[in-house]
Amino acid sequence: MIPLQAPPAARTHNSRMQDKPMQDPIVTLDLADWKGARHDAHWTAALEAGKVLYFPNLAFPLSPQEQALLRPDVLLPDVRNISLDAQGQLKGAAGDAQVQATLAAMVGRFRADALGLIHAMLPQYVPALRIAPTSYRPAQVESRQQSWRADDRRLHVDAFPSRPNYGERILRVFANVNPAGVPRTWRVGEPFEDVARRFLPTVKRYSPLQARLLRMLRVTKSLRSEYDHLMLQLHDAMKSDARYQQEAPQRTVPFAAGSAWVCFSDQTPHAVMSGQFMMEQTLHLPADRQYNPQASPLAILGRLTGRTLV
Ligand SMILES: [Fe+2]
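As the structure is a computational prediction, the values presented were derived from the model and not from experiment.

1. Quick look at the coordination of the iron ion
For the iron ion, the protein coordination sphere consists of His-156 (NE2), Asp-158 (OD) and His-270 (NE2), at 2.1 to 2.2 Å. Going along the chain, you hit the donors of the iron ion in the pattern H-x1-D-x111-H. Here the residue His-156 occupies a position in the loop between β5 (130–137) and β6 (169–176), and His-270 occupies one in strand β10 (residues 270–274), the gap between them amounting to 114 residues. Of the two residues examined, His-156 and His-270, each falls in the buried class.

2. Focus on unusual backbone geometry
What is expected of a backbone is that most residues other than glycine have negative phi and most peptide bonds are trans. Of note in this structure, Tyr-166 is not a glycine but carries a positive phi near 55°. Mapped onto the elements of the fold, Tyr-166 is located in the loop between β5 and β6. The exposure class of Tyr-166 is partly exposed, given its relative accessible area of 36%. The backbone of Arg-218 sits at a positive phi, close to 60°, despite the residue not being glycine.

3. A few points about the packing of aromatic side chains
Given two aromatic rings, their pairing is described by the distance between the two centres and the angle made by the two planes. Summed over all chains, the structure comprises eleven aromatic pairs. Judged by centre distance (5.2 Å) and plane angle (80°), the rings of Phe-60 and Phe-110 are edge-to-face. Taken together, the residues span a long stretch of sequence, with Phe-60 in the loop between β2 (52–55) and α2 (64–67) and Phe-110 in helix α3 (residues 97–121) at a distance of 50 residues. Seen from their ring centres, Trp-186 and Phe-255 are 5.4 Å apart, and the 90° between their planes marks the pair as edge-to-face. With Trp-186 in strand β7 (residues 184–189) and Phe-255 in strand β8 (residues 250–255), this residue pair connects regions lying 69 residues apart in the sequence. Residue classification places Trp-186 among the buried residues on the basis of a relative accessible area of 2%. For Phe-255, a relative accessible area of 0% translates into the label buried. The rings of Tyr-54, Phe-174, Trp-186, Phe-255 and Trp-261 are connected pair by pair, giving a single aromatic cluster. When the ring centre of Phe-160 is taken as origin, the NZ or CZ atom of Arg-163, which lies over that ring, is 4.6 Å away.

Definitions and limits used
- Residues numbered from 1 in each chain as written.
- Predicted model: local features only at pLDDT ≥ 70, side-chain atom pairs only at ≥ 80, totals over all residues.
- Heavy atoms only, no water.
- Donors = N, O, S within 2.8 Å, 3.2 Å for Na, K, Ca; no water.
- Helix = DSSP H or I, 4+ residues; strand = E, 2+ residues; numbered from the N terminus.
- Buried < 20%, exposed > 50% of the residue type's maximum accessible area, 1.4 Å probe, protein only.
- Phe/Tyr/Trp six-rings, centres within 6.5 Å; stacked < 30°, edge-to-face > 60°.
- Lys NZ or Arg CZ within 6 Å of the ring centre and 35° of its normal.

Below, the structure is given as C-alpha cells:
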C-alpha cells in the first residue's frame, strides 16, 4: 500500500517550461483489424522513442452478453481492475459462475488480439516478451480519490515501488470499450530524456544499504537497483510538482470509444484524466531486446548519470 500523505511543495524551475516546442507525442495509424498489422521501422522507432501509437479505428468488439458486463458493479468491493492471469485465473470480479465465465472469455479474447497486434508489429520482441495479466477496468477514472503518489491523473512514468524491474520495459496495449461513446482522456507529456534532464539533478541519491534494508523488510520483492530507484524518484518528482503538472509540455488526447493505443508506459509521461471501461494488456521486454536498446530509459539514464544502473 502507498501511504497517504500530502505532496511536498512544488519545486521551482530556472527556465520557463514551454519555451521549447514539443513534437507531437501521438502517432495516429489507420488500422481496423487486430490481425492486420505489419512491422514498420518508422512506427517502431516512434514507439521506442516514447510516442503513443494511436489506432482510432481499431475497435475491440463485444458480444451482447459482454456488453451487459459494462457496469462498475462487476468489480468486487475495493478492487480497481478485473484481471486474468497467464493460468486463466480471473481475479477481482463479482457475480455468479456465468458472469465469471463471460468475463474470463472477454478478457482472454482481448489478450489474444493484443498479442496478435504486437507480434505482427514488433516481431523481434516476440521470443523475449513476458506476458503480464490482462485487465478489464470498469471503474470511472474521474471519481477516484487517491493520495498524490497513487494519483494517475498526474503526469508520470510507470514505476512500481515493490517490484524492481532492472530496466525491463513496460509495453501496454489499451482499448476503450465505452458503450456510450465516452473517450478515455490522457495528457501525454514530453520525451523521457527531457523529464530525466529536468529532474535528475533534484533526486535523492541511491543507497545500496537502504535497498538491502527494503529487501530485508520485504517492502520490495527483490533488491531495488539504482535504475529502479531513479525511476521511482522521477515518478514521484513529476507527480509532486504542481507547476510541472500544469506547465510541462503536454498534449491532451481523447482516445475515442472504439479505439486502441500502444505505448511504453515506463517512458511516455501520461496522466489518465477521465473515462470508463477499458481493456489493457501489459507486456514486459528486456531493454536489450528492443530494436534500438539505446532509446530505452535504462540507456538514457545510464548515459545521463555516467553509471551502470543495474
Ligand atoms: Fe501509469
